[in-house]
Amino acid sequence: MQVTVDREVLNELQYLVALHRKHGAANPFNTVEDLVAYVLACVADGARRPGAWERSMLESMGLVAHCGEHERYRARYGDPADPEEASPMHEAVAAPCCAATECDDAATAFFEILELLSRAVAALHSVRCAFDTPESRDASRRPREAAALQQVYRVLGKPWPANASRAAE
């Protein structure tokens, strides 16, 4: 694969690398190629790990797909090969084996509960993506929507936008 970079962007990246060489950085790079490879690896990690710090980068750039599948943690890169792992988020969810009776296998119960929690978080991310608008955050105009969104933000551990009530003005 080859990536074409605009000349002005390349100039900026070269300058960034020169600053790293001259002054150091928390994560310095010696070449533009190494810097670009690192940034692309961060994008890939953010795509497959919703809870990772890299995900905020994708969210800021608008690169998170509007589907539950993109809200699931994946241990490996690429399209999930395991058909069970690739199952859509909107399927009916069965209760864990230990919900009504004792479970013989604690690991099975753990992974079933983890799957349920993963689906719940994915659903909350989907709700936020679908309904989070400046108008819906304005508590004076839409108190129910704003209260529901505040709960979604709280559960997801995201800060409520400081300008939420002023955003619709």
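As shown above, the structure is provided for reference.
Notes on the structure in this doc start here.

The rules we used
Residues numbered from 1 in each chain as written. Predicted model: local features only at pLDDT ≥ 70, side-chain atom pairs only at ≥ 80, totals over all residues. Heavy atoms only, no water. Helix = DSSP H or I, 4+ residues; strand = E, 2+ residues; numbered from the N terminus. Contact = heavy atoms within 4.5 Å. Areas by Shrake-Rupley, 256 points an atom, 1.4 Å probe, with all protein chains shown as cover. Phe/Tyr/Trp six-rings, centres within 6.5 Å; stacked < 30°, edge-to-face > 60°. Buried < 20%, exposed > 50% of the residue type's maximum accessible area, 1.4 Å probe, protein only. Salt bridge = Lys/Arg side-chain N within 4 Å of Asp/Glu carboxyl O. Expected span 1.5 Å × (residues − 1). Arc of directions from axis to C-beta. Axes fitted to C-alpha atoms, helices over the stretch in contact; angles between N-to-C directions. Parallel < 35°, antiparallel > 145°, perpendicular 65-115°, else oblique. Nonpolar A, V, L, I, M, F, W, Y, C, P; charged D, E, K, R; others polar. Patch = residues over 30% accessible without salt bridge, like charges linked within 9 Å, V, L, I, M, F, W, Y side chains within 5 Å. Polar contact = N/O pair within 3.5 Å; in protein donor to acceptor, adjacent residues only side chain to side chain.

1. Some points on the overall build of the protein
At step 1: Each helix and strand counted, the protein has six helices and zero strands in total.
At step 2: Starting at the N terminus, the α and β elements of the protein follow one another as α-α-α-α-α-α.
At step 3: Across the protein, every contact between residues at least 6 apart in sequence was considered, and the portion connecting residues at least 24 apart equals 36%.
At step 4: As displayed, the protein offers around 11700 Å² of accessible surface, 57% of which is attributable to carbon and sulfur atoms.

2. Looking at the packing of aromatic side chains
At step 1: Tallied over the entire structure, the rule returns two aromatic pairs.
At step 2: Between Phe29 and Tyr38, the ring centres sit 5.1 Å apart and the planes meet at 40 degrees, which makes this aromatic pair tilted.
At step 3: Residue Phe29 is classed as buried on the basis of its relative accessible area of 13%.
At step 4: Overall, Tyr38 belongs to the partly exposed group, its relative accessible area being 33%.
At step 5: Between the aromatic rings of Tyr153 and Trp160, the centroid separation amounts to 5.1 Å while the plane-to-plane angle is 85 degrees, which identifies the pairing as edge-to-face.

3. Looking at the pattern of salt bridges
At step 1: Going through the model one piece at a time under the given rule, you end up with six salt bridges.
At step 2: Close ionic contact of Arg48 with Asp45 constitutes a salt bridge, the shortest N to O distance being 3.3 Å. Taken as a pair, Arg48 and Asp45 lie in helix H2 (residues 32-48) at a separation of three residues, close to a single helical turn.
At step 3: On the accessibility criterion, Arg48 (8% relative accessible area) is buried.
At step 4: The exposure class of Asp45 is buried, given its relative accessible area of 12%.
At step 5: The partner of Arg49 in a salt bridge is Asp45, and the shortest N-O contact between them spans 4.0 Å.

4. Quick notes on helix H6 (residues 143-156)
At step 1: When the terminal C-alpha atoms of H6 are compared, their 20 Å separation across 14 residues agrees well with the 20 Å that a helix rising 1.5 Å per residue should span.
At step 2: Within the span of H6, buried status applies to Ala146, Leu149, Val152, Tyr153 and Leu156. Relative to the axis of H6, the buried residues are bounded by an arc of 120 degrees and lie together on one face. Away from its buried face by more than 90 degrees, H6 exposes Arg144, Arg154 and Val155.
At step 3: Where H6 is buried, its residues contact helix H4 (106-131) and helix H5 (134-137).
At step 4: Remark: Gly157 follows H6 within two positions and exhibits a positive phi of approximately 75 degrees.

5. Digging into the packing of H2 against helix H3 (residues 53-61)
At step 1: Closest axis-to-axis distance for the H2/H3 pair is 7 Å, and the angle between their directions is 95 degrees. The orientation of H2 relative to H3 falls into the category roughly perpendicular. Along its contact with H2, which presents Tyr38, Val39, Cys42, Val43, Asp45, Gly46 and Ala47, the element H3 presents Trp53, Glu54, Arg55, Met57, Leu58 and Met61.
At step 2: Of the residues belonging to the contact of H2 with H3, the class tally is nine nonpolar, one polar and three charged.

6. Here we look at H2
At step 1: Across its 17 residues, H2 extends 25 Å between first and last C-alpha, which sits within 8% of the 24 Å expected from 1.5 Å per residue.
At step 2: In this fold, the buried residues of H2 make contact with helix H1 (7-23) and H3.

7. A short note on a nonpolar patch on the surface
At step 1: On the surface, Met1, Val3, Val5, Val9 and Leu40 cluster together into a nonpolar patch covering about 510 Å² of accessible area.
At step 2: Note that Leu40 resides in helix H2.

8. Brief notes about the side chain of Arg74
At step 1: Within the secondary structure layout, Arg74 lies in the loop between H3 and H4.
At step 2: Exposure remark for Arg74: the relative accessible area of 14% places this residue in the buried category.
At step 3: Here Gly78 takes part through its backbone oxygen, which lies 2.6 Å from a polar atom of the side chain of Arg74.

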